[in-house]
Amino acid sequence: QKTAYEIRLSLVGSEMCIRDSFTLGGRSNARVNFRVQVPTGVRLDLLGVDADIISASTAPVRARTVNGDITVVTSVGPVNVETVNGDVDARMTTLSGPDSVVAKTLNGAVWVFLPETVGANVDAGTTNGDLTTDFPVPAEPSGNRKKLETTLGAGGTPVLVRTLNGSVEIGRLDAQGRSYPRP
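Residues numbered from 1 in each chain as written. Predicted model: local features only at pLDDT ≥ 70, side-chain atom pairs only at ≥ 80, totals over all residues. Heavy atoms only, no water.

Asker: Summarise the environment of Ala 63; cite the residues concerned and give the values.
Answerer: Tracing the backbone shows Ala 63 in strand S5 (residues 61–66). For Ala 63, a relative accessible area of 0% gives the class buried. When the C-alpha atoms of Ala 63 and Val 81 are compared, they prove to be 4.7 Å apart, with 18 residues separating the residues in sequence. Those residues in contact with Ala 63, other than ones at most four positions away along the chain, are Leu 46, Ile 53, Ile 70, Val 72, Asn 80, Val 81 and Glu 82. (Helix = DSSP H or I, 4+ residues; strand = E, 2+ residues; numbered from the N terminus. Buried < 20%, exposed > 50% of the residue type's maximum accessible area, 1.4 Å probe, protein only. Contact = heavy atoms within 4.5 Å.)

Asker: An account of the sheet that holds strand S14 (residues 157–165) is requested, with residue identities and associated values reported.
Answerer: Pairing within the open sheet is mixed, and its seven strands lie in the order S3-S5-S7-S9-S14-S11-S13. Both outer strands of the open sheet, strand S3 (44–49) and strand S13 (147–152), are each paired with one neighbouring strand and no more. On average, adjacent strands in this sheet sit at an angle of 5° to one another, irrespective of strand direction. (Pairing = 2+ DSSP bridges. Axes fitted to C-alpha atoms, helices over the stretch in contact; angles between N-to-C directions.)

Asker: Before we move on, could you go through the sheet that holds strand S12 (residues 131–133) and cite the residues and values that matter?
Answerer: Sheet strands line up and pair through hydrogen bonds in the backbone, either parallel or antiparallel. Taken in spatial order, the six strands line up as S4-S6-S8-S10-S15-S12 in an open sheet, and their pairing is parallel. Among the strands making up the open sheet, the edge pair consists of strand S4 (53–57) and S12. Sheet twist, expressed as the average angle between the axes of neighbouring strands with direction ignored, equals 5°. Bridge analysis of S4 against strand S6 (residues 70–74) gives five bridges, and the strand direction is parallel.

Asker: Describe the pairing of strand S8 (residues 88–92), with residues and values.
Answerer: If a strand is regular, its side chains alternate between the two faces of the sheet. Burial runs high along S8: four of the five residues are buried. Sheet analysis places S6 next to S8, joined by five bridges and oriented parallel. Note on S8: the bridge partner recorded for Thr 71 is Asp 89. Sheet topology note: the S8/strand S10 (residues 110–115) ladder contains four bridges and is parallel. Bridge pairing in S10 links Val 88 to Val 110.

Asker: Let's hear about the side chain of Asp 174: which residues, and what values?
Answerer: Among the structural elements, Asp 174 can be located in the segment after strand S15 (168–173). Dropping the residues within four chain positions of it, Asp 174 is found in contact with Glu 116 and Tyr 180.

Asker: Pulling in residues and values, what's your account of the environment of Asn 33?
Answerer: Relative to the elements of secondary structure, Asn 33 occurs in the loop between strand S2 (15–24) and S3. A C-alpha to C-alpha distance of 9.8 Å links Asn 33 and Ile 53, two positions 20 residues apart in sequence.

Asker: I'd like a rundown of the pattern of salt bridges, residues and numbers included.
Answerer: Note on pairing: side chains with opposite charge can pair once their charged atoms come close. Applying the stated criterion to the full structure yields seven salt bridges. Each of the salt bridges in this network shares a partner with another, and the network as a whole consists of Asp 123, Lys 147, Glu 149 and Arg 162. (Salt bridge = Lys/Arg side-chain N within 4 Å of Asp/Glu carboxyl O.)

Here it is as structure tokens:
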């Protein structure tokens, strides 16, 4: 039975790429965790397949995976997180100006947490799930919200949140970056 494991690091300009492969008898049968530390302010572009992505940073983040969850916490936008089969949790402690937030999945829940003082234009929706928010927005007459298009504060920052099969929550973070407890 042939076993092969390989990690490849490559640097092209200012971009570092880390790739791994593990094969046991022709099948992938392993779990690999990478912990990568980068200097403050370095933009992250993360890509995975059959992988969860977890990122805590002080810079713009782009994270994409197929068949995995994404969790991103950052103090700076823009943030773009997308998966096909998995949950998305994106939390921004500050957000302003041209920063934008895109959080999408096809099959999974999406949680987006924004600063309570954010100025944003929110466009959020789900097809098969519920949509809730901690921000003060007009009530949905049917009581069953699937879509939300609203302006928070003075507006400005575009926030796009989507899932096909799952729930959406737009939450508030206080000045210390903590989410408010649900009533």
